[in-house]
Amino acid sequence: MSLPPETPDLDVLDLLVSVAETGSLGQAAQRHGISQPAASMRISTLERRLRLVLLERGPTGSRLTTAGAAVVTWALPVLDAARALVDGVTALHAEGTGRLRVAASMTIADHRVPGWLVALRARSPDVRVALQVGNSEHVAALVQGGSADLGFVEGPGVPRGLRSRVVESDELVAVVAPGHPWARRRGRLSMATLAGTPLIMREPGSGTRDAVWGVLSRARDPAPPAAELGSTAAIKAAVAAGEAPTVLSRLVVRGELEDGRLVAVPLDAEPALLRRWFRAVWRPEAPPSGAGAALLAIAARR
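What you are looking at is a predicted structure, and each value in this text was computed from that prediction instead of being measured.

What counts and how
Residues numbered from 1 in each chain as written. Predicted model: local features only at pLDDT ≥ 70, side-chain atom pairs only at ≥ 80, totals over all residues. Heavy atoms only, no water. Helix = DSSP H or I, 4+ residues; strand = E, 2+ residues; numbered from the N terminus. Rg over C-alpha atoms; globule rule 2.2 N^0.38 Å. Buried < 20%, exposed > 50% of the residue type's maximum accessible area, 1.4 Å probe, protein only. Contact = heavy atoms within 4.5 Å. Core = buried A, V, L, I, M, F, W, Y, C linked by side-chain atoms within 4.5 Å. Phe/Tyr/Trp six-rings, centres within 6.5 Å; stacked < 30°, edge-to-face > 60°. Lys NZ or Arg CZ within 6 Å of the ring centre and 35° of its normal. Salt bridge = Lys/Arg side-chain N within 4 Å of Asp/Glu carboxyl O. Polar contact = N/O pair within 3.5 Å; in protein donor to acceptor, adjacent residues only side chain to side chain.

Caption draft 1: Fine view of the overall build of the chain. Across its full length, the chain carries 12 helices and 13 strands. Expected size for 302 residues packed as a compact globule is a radius of gyration near 19 Å; at 20 Å, the chain falls within 12% of this value. When the backbone C-alpha atoms are referred to their principal axes, the chain occupies close to 55 × 50 × 40 Å. Relative to its 302 residues, the chain shows a buried fraction of 45%. Here the contacts in the chain between residues at least 6 apart in sequence split such that 74% fall between residues at least 24 apart.

Listed below in structure tokens is the structure:
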């Protein structure tokens, strides 16, 4: 079955995702090695092909529309599949023992795995790593099914049937747009109020969602989500547009907090309650060895 004629090119979808991740058309253009006018022209072509307005352009910059955030959500698994295809082809060219198959949740893949792989390459330059990215449930399934030698997941517990080791911890933080009423409050927000508010959340199966849901459930039955989006980039764009609050990893929103695109809301909760863990996971019958053991040591040390 052939693809419909309005199917967008992968490179322009990747450019749109970069706009969502950087919050700037100029920075996205720089990331892709093109000029800002060229990036704007490519996005305009995509808008015409999809017959949607994806960016709101203004004198102070560009930001995703609600439609743009939705397209980013749908584009991410497409791009992940394309990268998996390229990684798979690369893995076919790799030779025997020099190949390490790694799967990681989105937060860990974006913010921790690149540094770990640089350190691994310095130690073992001949090792070829194939990385697959998905939510924590998907990563666990890849490891359980033998499609990945080592996985890195988020969430409050160990996936069933796997062994694990905690490699790092992170903090959950509630964030809103600068114009949201919570951004101007002086006192701490109660966890009951947060739990009773419809939030923008990741999709079921996400380690971040499981962690957030577990924290909120300690205060009361959480309200149904305002929206469920498949990427943190889309969530951040929706929150910055004033759609609703969210709770995400501080790692993920650090840049937006520093430049004022998002505002952290102080919560009336014990710090330990907002702490979550990143875990390495593997099959009991196939513990990490060789390059896998080296990568695990690097991840646990940093």
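Next comes the rest of the description.
Caption draft 2: Highlighting the nonpolar core. L16, I43, L55, L64, V72, I200 and V253 are the most contacted members of the largest nonpolar core, which has 37 residues in total. Elements supplying a minimum of two residues to this core: helix 1 (10–22), helix 2 (25–31), helix 3 (36–50), helix 4 (66–93), strand 6 (163–176), helix 10 (232–240) and helix 11 (250–259). Take this core: its biggest share by element is seven residues, from helix 1. In contact with L16, not counting residues within four places along its chain, are I43, L46, L54, L55, L64, G68, V71 and V72. In terms of nonpolar packing, the next biggest core, distinct from the first, is built from 23 residues, F278, W282, A291 and I298 among them.

Caption draft 3: Molecular detail of the packing of aromatic side chains. Taken as a whole, this structure holds one aromatic pair when the rule is applied. Ring centres of W116 and F152 lie 4.8 Å apart, and the angle between their planes is 50°; on these two criteria the pair is classed as tilted. You can see W116 sitting in helix 6 (residues 113–123) and its partner F152 sitting in strand 5 (residues 150–154), a full 36 residues away along the chain. Lying over the aromatic face of W213, R209 brings its terminal NZ or CZ to 5.4 Å of the ring centre.

Caption draft 4: Representation of the pattern of salt bridges in the model. A complete count under the given rule lists 16 salt bridges for this structure. Note that E228 and R209 form a salt bridge whose closest N and O atoms lie 2.7 Å from each other. Of this pair, E228 sits in strand 9 (residues 227–229) while R209 sits in helix 9 (residues 207–217), placing them 19 residues apart in sequence. With a relative accessible area of 43%, E228 lands in the partly exposed category. It is possible to trace a salt-bridge network through shared partners that takes in K236, E256, D259 and R261.

Caption draft 5: Examining the side chain of T208 more closely. Counting through the fold element by element, T208 comes out in helix 9. A polar atom in the side chain of T208 sits 2.7 Å from the side chain of E154. Here the side chain of T208 touches R276 through a polar contact of 3.0 Å, side chain to side chain. For T208, the residues in contact, after removing those within four places along its chain, are T107, E154, V247, L248 and R276.

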